[in-house]
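Observations on the three-dimensional arrangement
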Amino acid sequence: MTHTLPSMPTSRQPGCPFDPPKELIDAREHSPISHFTFPDGHQGWVVTGFDLTRQILADPRFSSRRELMKHHPTIDYGDIEVPPAPPGEFLLMDEPQHGRYRKPLVGRFTVRRMRLLTERVEQITAEHLDAMEKAGPAVDLVTAFAKPIPAVVICELLGVPYEDRGRFQENIDKFLGGEVGDEELMAAYLATQEYLAELVAAKRATPTDDVLSDLLDTDLTDEELKGMALILLSAGFDTTANMIALGTFALLRNPEQLAALRADPALAEQAVEELLRYLSVAKQFFRVALEDVELGGHTITAGTTVILSLSTANRDPDRYTDPHALDLHRQEGGHLAFSHGIHQCLGQQLARVELRVALPALLSRFPTLRLAVPADQVPLRPEAADIHGIKSLPVTWED
Ligand code: HEM
(Lines give C-alpha, C1' and ligand atoms only; values in the text may rest on other atoms or scores of the structure.)
Protein backbone atom coordinates (compact mmCIF):
# COMPACT_ATOMS: atom_id res chain seq x y z
CA MET A 1 0.00 0.00 0.00
CA THR A 2 1.23 3.51 -0.78
CA HIS A 3 2.17 5.51 2.28
CA THR A 4 0.88 9.11 2.35
CA LEU A 5 2.48 12.09 4.08
CA PRO A 6 -0.54 14.20 5.15
CA SER A 7 1.25 17.59 5.08
CA MET A 8 4.72 19.01 4.99
CA PRO A 9 5.94 19.60 8.57
CA THR A 10 6.52 23.24 9.39
CA SER A 11 8.62 22.72 12.51
CA ARG A 12 10.95 20.28 14.23
CA GLN A 13 10.18 18.47 17.47
CA PRO A 14 10.84 20.70 20.49
CA GLY A 15 14.25 19.83 21.93
CA CYS A 16 15.43 18.15 18.69
CA PRO A 17 17.11 20.93 16.71
CA PHE A 18 19.35 18.49 14.84
CA ASP A 19 16.77 15.91 13.78
CA PRO A 20 14.58 16.14 10.68
CA PRO A 21 10.90 16.72 11.54
CA LYS A 22 9.30 13.68 13.17
CA GLU A 23 6.70 13.36 10.39
CA LEU A 24 9.47 12.75 7.85
CA ILE A 25 11.28 10.26 10.08
CA ASP A 26 7.96 8.44 10.58
CA ALA A 27 7.30 8.49 6.83
CA ARG A 28 10.68 6.82 6.27
CA GLU A 29 9.67 4.13 8.77
CA HIS A 30 6.74 3.25 6.52
CA SER A 31 8.37 3.53 3.13
CA PRO A 32 11.32 5.21 1.36
CA ILE A 33 8.80 7.06 -0.82
CA SER A 34 5.49 8.58 0.28
CA HIS A 35 2.65 10.05 -1.65
CA PHE A 36 2.02 13.74 -0.97
CA THR A 37 -0.71 16.16 -2.04
CA PHE A 38 0.73 19.66 -2.47
CA PRO A 39 -1.30 22.64 -1.17
CA ASP A 40 -2.40 23.42 -4.77
CA GLY A 41 -3.75 19.88 -5.18
CA HIS A 42 -0.79 18.54 -7.19
CA GLN A 43 -0.21 14.83 -6.58
CA GLY A 44 3.50 14.40 -5.88
CA TRP A 45 5.98 12.42 -3.81
CA VAL A 46 8.36 12.78 -0.89
CA VAL A 47 11.43 10.56 -0.93
CA THR A 48 13.05 9.81 2.43
CA GLY A 49 15.07 6.63 1.76
CA PHE A 50 18.82 6.89 1.11
CA ASP A 51 19.11 4.56 -1.89
CA LEU A 52 16.06 5.92 -3.67
CA THR A 53 17.15 9.53 -3.14
CA ARG A 54 20.59 8.76 -4.54
CA GLN A 55 19.05 6.95 -7.50
CA ILE A 56 16.77 9.89 -8.39
CA LEU A 57 19.60 12.41 -8.04
CA ALA A 58 21.63 10.44 -10.60
CA ASP A 59 18.74 9.97 -13.04
CA PRO A 60 18.51 12.44 -15.97
CA ARG A 61 14.79 11.71 -16.24
CA PHE A 62 14.41 13.94 -13.17
CA SER A 63 14.86 17.64 -13.85
CA SER A 64 16.08 20.61 -11.79
CA ARG A 65 14.72 23.21 -14.24
CA ARG A 66 13.18 26.05 -12.33
CA GLU A 67 10.31 26.61 -14.77
CA LEU A 68 9.11 23.06 -14.03
CA MET A 69 9.03 23.67 -10.26
CA LYS A 70 5.40 24.75 -10.26
CA HIS A 71 4.42 23.28 -6.92
CA HIS A 72 5.63 24.13 -3.46
CA PRO A 73 5.20 21.89 -0.42
CA THR A 74 3.74 24.64 1.79
CA ILE A 75 2.66 27.43 -0.60
CA ASP A 76 -0.03 27.44 -3.28
CA TYR A 77 1.47 29.42 -6.22
CA GLY A 78 -1.94 29.68 -7.87
CA ASP A 79 -1.66 30.79 -11.50
CA ILE A 80 1.80 32.30 -11.13
CA GLU A 81 4.04 31.13 -13.98
CA VAL A 82 7.53 30.26 -12.72
CA PRO A 83 10.09 31.59 -15.22
CA PRO A 84 13.23 29.66 -16.25
CA ALA A 85 16.35 30.32 -14.18
CA PRO A 86 18.17 33.48 -15.32
CA PRO A 87 21.36 32.94 -17.36
CA GLY A 88 24.19 31.51 -15.22
CA GLU A 89 22.02 30.24 -12.35
CA PHE A 90 22.97 26.67 -13.15
CA LEU A 91 21.71 25.03 -9.95
CA LEU A 92 18.25 25.26 -11.52
CA MET A 93 19.11 23.95 -15.00
CA ASP A 94 19.60 20.57 -16.70
CA GLU A 95 22.22 19.54 -19.25
CA PRO A 96 23.48 20.86 -21.58
CA GLN A 97 22.89 24.38 -20.14
CA HIS A 98 24.04 23.34 -16.66
CA GLY A 99 27.38 21.96 -17.89
CA ARG A 100 28.14 25.11 -19.88
CA TYR A 101 28.35 27.01 -16.58
CA ARG A 102 29.64 24.31 -14.26
CA LYS A 103 32.52 23.11 -16.47
CA PRO A 104 34.63 26.29 -16.40
CA LEU A 105 34.36 26.31 -12.60
CA VAL A 106 35.21 22.68 -11.81
CA GLY A 107 38.99 23.11 -12.06
CA ARG A 108 38.82 25.99 -9.61
CA PHE A 109 37.26 23.91 -6.84
CA THR A 110 39.31 20.70 -6.93
CA VAL A 111 40.63 19.01 -3.78
CA ARG A 112 44.16 20.19 -4.65
CA ARG A 113 43.13 23.82 -5.22
CA MET A 114 41.15 23.88 -2.01
CA ARG A 115 43.97 22.32 0.02
CA LEU A 116 46.17 25.19 -1.18
CA LEU A 117 43.72 27.52 0.50
CA THR A 118 44.07 25.81 3.88
CA GLU A 119 46.73 28.18 5.17
CA ARG A 120 44.64 31.23 4.33
CA VAL A 121 41.58 29.66 6.00
CA GLU A 122 43.73 29.02 9.09
CA GLN A 123 44.80 32.68 9.15
CA ILE A 124 41.24 33.96 8.78
CA THR A 125 40.09 31.57 11.51
CA ALA A 126 42.88 32.65 13.89
CA GLU A 127 42.00 36.33 13.34
CA HIS A 128 38.40 35.69 14.26
CA LEU A 129 39.36 33.65 17.31
CA ASP A 130 41.61 36.52 18.45
CA ALA A 131 38.72 38.95 18.06
CA MET A 132 36.42 36.61 19.98
CA GLU A 133 38.92 36.31 22.79
CA LYS A 134 39.11 40.11 23.04
CA ALA A 135 35.34 40.56 22.90
CA GLY A 136 34.43 37.78 25.37
CA PRO A 137 33.85 35.73 27.36
CA ALA A 138 30.31 35.45 26.08
CA VAL A 139 29.79 36.13 22.40
CA ASP A 140 27.27 35.12 19.76
CA LEU A 141 29.21 32.48 17.85
CA VAL A 142 27.10 32.99 14.73
CA THR A 143 28.10 36.63 14.22
CA ALA A 144 31.59 36.41 15.74
CA PHE A 145 32.79 33.24 14.02
CA ALA A 146 30.41 31.05 12.00
CA LYS A 147 29.27 33.65 9.48
CA PRO A 148 32.36 35.77 8.89
CA ILE A 149 34.81 32.93 8.15
CA PRO A 150 33.02 31.48 5.10
CA ALA A 151 32.00 35.00 4.05
CA VAL A 152 35.62 36.22 3.95
CA VAL A 153 36.75 33.04 2.17
CA ILE A 154 34.12 33.13 -0.59
CA CYS A 155 34.61 36.89 -1.05
CA GLU A 156 38.36 36.42 -1.53
CA LEU A 157 37.84 33.52 -3.89
CA LEU A 158 35.32 35.37 -6.04
CA GLY A 159 37.07 38.70 -5.78
CA VAL A 160 34.21 40.40 -3.95
CA PRO A 161 35.48 43.23 -1.72
CA TYR A 162 34.70 42.13 1.85
CA GLU A 163 33.72 45.73 2.68
CA ASP A 164 30.80 45.22 0.27
CA ARG A 165 29.37 42.36 2.31
CA GLY A 166 26.68 44.65 3.73
CA ARG A 167 25.25 44.76 0.20
CA PHE A 168 24.68 41.04 -0.09
CA GLN A 169 25.05 39.20 3.25
CA GLU A 170 21.79 40.42 4.72
CA ASN A 171 19.99 39.88 1.43
CA ILE A 172 21.22 36.31 1.12
CA ASP A 173 20.07 35.72 4.71
CA LYS A 174 16.67 36.92 3.55
CA PHE A 175 16.35 34.56 0.64
CA LEU A 176 17.68 31.50 2.45
CA GLY A 177 16.51 32.20 6.00
CA GLY A 178 12.78 31.58 5.50
CA GLU A 179 11.66 34.54 7.57
CA VAL A 180 10.51 37.20 5.11
CA GLY A 181 7.50 37.41 2.83
CA ASP A 182 7.59 37.07 -0.97
CA GLU A 183 7.89 40.77 -1.65
CA GLU A 184 10.87 41.30 0.64
CA LEU A 185 12.45 38.12 -0.67
CA MET A 186 12.18 39.32 -4.27
CA ALA A 187 13.58 42.75 -3.31
CA ALA A 188 16.55 41.05 -1.62
CA TYR A 189 17.18 38.88 -4.69
CA LEU A 190 17.00 41.86 -7.06
CA ALA A 191 19.33 43.94 -4.86
CA THR A 192 21.89 41.10 -4.87
CA GLN A 193 21.61 40.81 -8.66
CA GLU A 194 22.12 44.56 -9.00
CA TYR A 195 25.19 44.44 -6.79
CA LEU A 196 26.67 41.54 -8.76
CA ALA A 197 26.01 43.27 -12.10
CA GLU A 198 28.09 46.21 -10.84
CA LEU A 199 30.77 43.83 -9.63
CA VAL A 200 31.05 42.03 -12.99
CA ALA A 201 31.28 45.41 -14.76
CA ALA A 202 34.06 46.44 -12.35
CA LYS A 203 35.98 43.19 -13.05
CA ARG A 204 35.57 43.75 -16.78
CA ALA A 205 37.11 47.22 -16.37
CA THR A 206 39.88 46.07 -14.02
CA PRO A 207 40.35 42.29 -13.73
CA THR A 208 41.92 41.00 -10.52
CA ASP A 209 43.23 37.60 -9.43
CA ASP A 210 40.05 35.66 -8.65
CA VAL A 211 37.52 33.17 -9.99
CA LEU A 212 35.24 35.82 -11.47
CA SER A 213 38.05 37.62 -13.32
CA ASP A 214 39.33 34.30 -14.71
CA LEU A 215 35.95 33.72 -16.31
CA LEU A 216 36.20 36.98 -18.27
CA ASP A 217 38.33 35.16 -20.89
CA THR A 218 35.56 32.67 -21.70
CA ASP A 219 32.61 33.27 -24.02
CA LEU A 220 30.29 33.81 -21.05
CA THR A 221 28.36 37.08 -21.14
CA ASP A 222 28.27 39.53 -18.23
CA GLU A 223 24.66 38.52 -17.61
CA GLU A 224 25.75 34.89 -17.31
CA LEU A 225 28.68 35.74 -15.03
CA LYS A 226 26.31 37.64 -12.78
CA GLY A 227 24.09 34.56 -12.46
CA MET A 228 27.05 32.29 -11.75
CA ALA A 229 28.36 34.70 -9.12
CA LEU A 230 24.95 34.72 -7.48
CA ILE A 231 24.88 30.93 -7.21
CA LEU A 232 28.44 30.77 -5.88
CA LEU A 233 27.91 33.53 -3.36
CA SER A 234 24.58 32.30 -2.07
CA ALA A 235 25.61 28.62 -2.00
CA GLY A 236 29.04 29.44 -0.68
CA PHE A 237 28.65 30.88 2.74
CA ASP A 238 25.25 30.44 4.34
CA THR A 239 25.53 26.63 4.19
CA THR A 240 29.02 26.56 5.68
CA ALA A 241 28.16 29.22 8.27
CA ASN A 242 25.23 27.13 9.49
CA MET A 243 27.37 23.99 9.56
CA ILE A 244 29.94 25.76 11.78
CA ALA A 245 27.29 27.12 14.15
CA LEU A 246 25.07 24.03 14.31
CA GLY A 247 28.14 21.77 14.35
CA THR A 248 29.45 23.55 17.44
CA PHE A 249 26.00 23.39 19.05
CA ALA A 250 25.72 19.65 18.30
CA LEU A 251 29.16 18.97 19.77
CA LEU A 252 28.36 20.97 22.91
CA ARG A 253 25.19 18.88 23.28
CA ASN A 254 27.16 15.64 22.86
CA PRO A 255 29.99 16.00 25.40
CA GLU A 256 31.43 12.50 24.80
CA GLN A 257 31.80 13.21 21.10
CA LEU A 258 33.25 16.61 21.85
CA ALA A 259 35.80 15.03 24.21
CA ALA A 260 36.72 12.44 21.55
CA LEU A 261 37.43 15.17 19.02
CA ARG A 262 39.45 17.25 21.48
CA ALA A 263 41.48 14.18 22.43
CA ASP A 264 42.26 13.22 18.84
CA PRO A 265 42.66 16.04 16.30
CA ALA A 266 43.21 13.37 13.62
CA LEU A 267 39.51 12.62 14.00
CA ALA A 268 38.63 16.00 12.43
CA GLU A 269 38.08 14.73 8.86
CA GLN A 270 35.78 11.93 9.97
CA ALA A 271 34.05 14.22 12.47
CA VAL A 272 33.22 16.74 9.76
CA GLU A 273 31.71 14.04 7.52
CA GLU A 274 29.57 12.78 10.40
CA LEU A 275 28.43 16.31 11.26
CA LEU A 276 27.54 16.88 7.60
CA ARG A 277 25.42 13.72 7.61
CA TYR A 278 23.88 14.33 11.01
CA LEU A 279 22.96 17.98 10.44
CA SER A 280 22.24 17.97 6.67
CA VAL A 281 21.74 21.74 6.61
CA ALA A 282 20.82 21.70 2.89
CA LYS A 283 17.85 19.63 3.90
CA GLN A 284 15.71 19.15 0.80
CA PHE A 285 15.64 19.70 -2.95
CA PHE A 286 13.07 19.18 -5.68
CA ARG A 287 13.09 17.33 -8.97
CA VAL A 288 10.39 16.98 -11.64
CA ALA A 289 9.89 13.77 -13.65
CA LEU A 290 10.37 14.44 -17.38
CA GLU A 291 8.71 11.13 -18.34
CA ASP A 292 6.92 8.29 -16.57
CA VAL A 293 9.43 6.53 -14.32
CA GLU A 294 8.98 3.23 -12.43
CA LEU A 295 10.60 3.56 -9.02
CA GLY A 296 10.33 1.73 -5.72
CA GLY A 297 7.22 -0.07 -6.94
CA HIS A 298 5.48 3.15 -8.01
CA THR A 299 5.01 5.01 -11.28
CA ILE A 300 6.17 8.60 -11.04
CA THR A 301 4.26 10.19 -13.89
CA ALA A 302 5.72 12.84 -16.18
CA GLY A 303 5.38 16.35 -14.72
CA THR A 304 5.23 15.15 -11.11
CA THR A 305 7.22 17.00 -8.45
CA VAL A 306 9.38 14.90 -6.15
CA ILE A 307 10.68 16.30 -2.88
CA LEU A 308 14.00 14.74 -1.89
CA SER A 309 14.53 14.97 1.86
CA LEU A 310 18.33 14.74 2.06
CA SER A 311 18.21 15.19 5.84
CA THR A 312 15.90 12.19 6.30
CA ALA A 313 17.78 10.06 3.74
CA ASN A 314 20.92 10.74 5.76
CA ARG A 315 19.19 9.18 8.79
CA ASP A 316 17.99 6.05 6.94
CA PRO A 317 18.24 3.04 9.29
CA ASP A 318 18.77 0.76 6.24
CA ARG A 319 21.98 2.69 5.54
CA TYR A 320 23.26 3.67 9.00
CA THR A 321 23.35 1.89 12.33
CA ASP A 322 21.71 3.99 15.04
CA PRO A 323 21.13 6.77 12.45
CA HIS A 324 19.95 9.44 14.90
CA ALA A 325 23.13 9.27 16.98
CA LEU A 326 26.04 11.64 16.38
CA ASP A 327 28.93 9.19 16.25
CA LEU A 328 32.25 10.66 15.13
CA HIS A 329 33.73 7.16 14.89
CA ARG A 330 30.93 5.93 12.63
CA GLN A 331 32.13 3.26 10.23
CA GLU A 332 29.61 3.73 7.39
CA GLY A 333 31.14 6.32 5.09
CA GLY A 334 29.33 8.49 2.57
CA HIS A 335 26.27 10.71 2.88
CA LEU A 336 24.03 12.88 0.74
CA ALA A 337 24.65 16.20 2.48
CA PHE A 338 26.28 17.51 -0.71
CA SER A 339 23.67 15.78 -2.90
CA HIS A 340 24.66 13.48 -5.76
CA GLY A 341 24.65 13.46 -9.55
CA ILE A 342 25.30 16.43 -11.82
CA HIS A 343 24.37 19.04 -9.19
CA GLN A 344 26.53 17.53 -6.45
CA CYS A 345 27.94 20.46 -4.51
CA LEU A 346 30.67 22.22 -6.47
CA GLY A 347 32.09 23.79 -3.30
CA GLN A 348 32.22 20.66 -1.15
CA GLN A 349 36.02 20.57 -0.92
CA LEU A 350 36.05 24.20 0.10
CA ALA A 351 33.38 23.57 2.73
CA ARG A 352 35.38 20.61 4.06
CA VAL A 353 38.56 22.69 4.36
CA GLU A 354 36.69 25.42 6.23
CA LEU A 355 34.99 23.00 8.62
CA ARG A 356 38.12 20.92 9.25
CA VAL A 357 40.01 24.08 10.14
CA ALA A 358 37.36 26.11 11.98
CA LEU A 359 35.82 23.54 14.32
CA PRO A 360 39.03 22.07 15.81
CA ALA A 361 40.62 25.55 16.05
CA LEU A 362 37.62 26.85 18.00
CA LEU A 363 37.68 23.90 20.40
CA SER A 364 41.39 24.16 20.97
CA ARG A 365 41.37 27.94 21.55
CA PHE A 366 38.49 27.68 24.05
CA PRO A 367 38.86 24.42 25.99
CA THR A 368 36.03 25.44 28.34
CA LEU A 369 33.59 26.58 25.63
CA ARG A 370 29.95 26.10 26.64
CA LEU A 371 26.48 27.40 25.85
CA ALA A 372 25.65 30.67 27.60
CA VAL A 373 21.90 29.96 27.52
CA PRO A 374 19.85 26.80 28.05
CA ALA A 375 19.90 24.68 24.87
CA ASP A 376 16.16 25.08 24.29
CA GLN A 377 16.63 28.85 24.09
CA VAL A 378 18.96 28.70 21.09
CA PRO A 379 16.78 30.20 18.33
CA LEU A 380 16.38 27.93 15.32
CA ARG A 381 15.70 29.11 11.80
CA PRO A 382 12.11 28.34 10.83
CA GLU A 383 11.57 25.05 9.02
CA ALA A 384 10.53 27.07 5.94
CA ALA A 385 14.17 28.15 5.51
CA ASP A 386 15.96 26.54 2.57
CA ILE A 387 19.02 26.00 4.73
CA HIS A 388 18.60 24.70 8.27
CA GLY A 389 20.41 26.65 10.94
CA ILE A 390 20.36 28.77 14.04
CA LYS A 391 19.95 32.50 14.30
CA SER A 392 22.40 32.94 17.17
CA LEU A 393 24.49 30.76 19.47
CA PRO A 394 25.40 32.47 22.73
CA VAL A 395 28.57 30.83 24.07
CA THR A 396 30.94 31.56 26.91
CA TRP A 397 34.17 30.19 28.43
CA GLU A 398 36.41 30.50 31.49
CA ASP A 399 38.70 33.49 31.06
C1 HEM B 1 28.65 22.61 4.28
C2 HEM B 1 28.41 23.42 3.31
C3 HEM B 1 27.64 23.09 2.06
C4 HEM B 1 26.58 22.23 1.89
C5 HEM B 1 25.91 21.35 2.94
C6 HEM B 1 26.21 22.30 0.48
C7 HEM B 1 25.20 21.56 -0.10
C8 HEM B 1 24.89 21.57 -1.44
C9 HEM B 1 23.89 20.72 -2.06
C10 HEM B 1 23.04 19.71 -1.32
C11 HEM B 1 23.88 21.01 -3.39
C12 HEM B 1 23.10 20.31 -4.48
C13 HEM B 1 21.68 20.76 -4.74
C14 HEM B 1 20.94 19.87 -5.71
O15 HEM B 1 21.20 18.66 -5.83
O16 HEM B 1 20.01 20.38 -6.37
C17 HEM B 1 24.87 22.06 -3.60
C18 HEM B 1 25.13 22.64 -4.82
C19 HEM B 1 26.05 23.65 -4.99
N20 HEM B 1 26.92 24.15 -4.06
FE21 HEM B 1 27.07 23.59 -2.13
N22 HEM B 1 27.04 23.20 -0.13
C23 HEM B 1 27.93 23.70 0.78
C24 HEM B 1 28.94 24.60 0.57
C25 HEM B 1 29.23 25.18 -0.64
C26 HEM B 1 30.31 26.10 -0.86
C27 HEM B 1 31.33 26.56 0.17
C28 HEM B 1 30.23 26.48 -2.15
C29 HEM B 1 31.20 27.44 -2.77
C30 HEM B 1 31.35 27.78 -3.90
C31 HEM B 1 29.10 25.78 -2.76
C32 HEM B 1 28.68 25.88 -4.08
C33 HEM B 1 27.68 25.13 -4.65
C34 HEM B 1 27.28 25.27 -6.04
C35 HEM B 1 27.87 26.22 -7.05
C36 HEM B 1 26.26 24.34 -6.26
C37 HEM B 1 25.49 24.09 -7.55
C38 HEM B 1 26.10 22.92 -8.26
C39 HEM B 1 25.40 22.53 -9.54
O40 HEM B 1 24.20 22.82 -9.70
O41 HEM B 1 26.07 21.94 -10.38
N42 HEM B 1 28.52 24.99 -1.80
N43 HEM B 1 25.48 22.37 -2.41
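Quick note: structure is the one above.
Our subject in this report is the structure included herewith. Values in this document were obtained by computation on a predicted structure and should not be read as measured data. (Residues numbered from 1 in each chain as written. Predicted model: local features only at pLDDT ≥ 70, side-chain atom pairs only at ≥ 80, totals over all residues.)

1. Digging into the overall build of the protein
Helix and strand counts for the protein stand at 15 helices and 11 strands. Expected size for 399 residues packed as a compact globule is a radius of gyration near 21 Å; at 21 Å, the protein falls within 12% of this value. Expressed as lengths along the three principal axes of its C-alpha atoms, the size of the protein is roughly 60 × 55 × 40 Å. Counting all 399 residues of the protein, 41% fall into the buried class. Considering only contacts in the protein between residues 6 or more positions apart, those separated by 24 or more positions represent 72%. (Helix = DSSP H or I, 4+ residues; strand = E, 2+ residues; numbered from the N terminus. Rg over C-alpha atoms; globule rule 2.2 N^0.38 Å. Buried ≥ 20, exposed ≤ 12 C-beta atoms within 10 Å, placed from the backbone. Contact = placed C-beta atoms within 7 Å.)

2. Side note on the sheet that holds strand E5 (residues 139-140)
Strand order in the open sheet formed by three strands is E5-E11-E10, with antiparallel pairing between adjacent strands. A strand with exactly one partner marks an edge of an open sheet, and here the two such strands are E5 and strand E10 (370-371). The pairing of E5 with strand E11 (residues 394-396) spans two bridges and is classified as antiparallel. In the strand pairing of E11, Val139 is matched with Val395. (Pairing = 2+ DSSP bridges.)

3. So, helix H2 (residues 50-57)
Across the eight residues of H2, six count as buried, placing the element largely inside the fold. All of the buried residues along H2 are Phe50, Leu52, Thr53, Arg54, Ile56 and Leu57.

4. Observations regarding the nonpolar core
Proteins that are soluble and globular tend to have nonpolar side chains buried together. Core analysis: the largest hydrophobic core is formed by 99 residues, its most contacted members being Val47, Ala229, Met243, Ile244, Ala245 and Val306. A per-element tally of this core places helix H11 (residues 222-253) first, with 16 residues. If sequence neighbours within four positions are ignored, Val47 has contacts with Pro32, Ile33, Leu52, Thr53, Ile56, Val306, Ile307, Leu308 and Ser309. (Core = buried A, V, L, I, M, F, W, Y, C linked by C-beta atoms within 7 Å.)

5. Some details on the sheet that holds strand E2 (residues 33-37)
An order of E1-E2-E3-E9-E6-E4 is seen for the six strands of this open sheet, with the pairing classed as mixed. Edge positions in the open sheet fall to strand E1 (4-5) and strand E4 (62-63), since each of these has one partner strand only. Across the face of the sheet, H2 comes into contact with E2, strand E3 (43-47), E4, strand E6 (284-289) and strand E9 (305-309) while running at roughly 125° to E9. (Axes fitted to C-alpha atoms, helices over the stretch in contact; angles between N-to-C directions.)

6. Describing the site of the ligand
In the vicinity of the ligand there are 23 residues, among which Gly236, Thr239, Ser339, Cys345 and Gly347 approach most closely. Elements with a contribution of two residues or more to the shell around the ligand: H11 and helix H15 (348-365). Take the shell around the ligand: its biggest share by element is seven residues, from H11. Considering only residue class, the shell around the ligand consists of 15 nonpolar, seven polar and one charged. (Near = placed C-beta within 6 Å. Nonpolar A, V, L, I, M, F, W, Y, C, P; charged D, E, K, R; others polar.)

7. Quick notes on the packing of helix H5 (residues 118-135) against H15
Where H5 meets H15, the closest approach of the two axes is 10 Å, and the angle between their N-to-C directions is 35°. The element H5 and its partner H15 pack so that their crossing is right-handed. Every residue of H15 that contacts H5 at Thr118, Val121, Glu122, Thr125 and Leu129 is listed here: Val353, Glu354, Val357, Ala358, Ala361, Leu362 and Arg365. Of the residues belonging to the contact of H5 with H15, the class tally is seven nonpolar, two polar and three charged. (Left-handed = near helix turned anticlockwise from the far one by under 90°.)

8. Some details on the pairing of E3
Taking burial as the measure, the five residues of E3 include four buried ones, the bulk of the element. Two elements, E2 and E3, share five bridges in a ladder whose sense is antiparallel. Paired with Ser34 across the bridge in E3 is Val46. In sequence, E2 turns back onto E3 through a hairpin of five residues, with Gly41 there showing a positive phi of about 95°. Here E3 pairs with E9 via three bridges, running parallel. Bridge pairing in E9 links Val46 to Ile307.

9. Remarks on unusual backbone geometry
Going from Glu95 to Pro96, the amide bond is cis rather than trans, its omega being 0°. Backbone geometry places Ala138, a non-glycine residue, at a positive phi of 80°. Secondary-structure assignment places Ala138 in the loop between H5 and E5. With 11 C-beta atoms counted inside 10 Å, the residue Ala138 sits in the exposed group. The phi angle at Asp322 is positive, at roughly 45°, despite the residue not being glycine.

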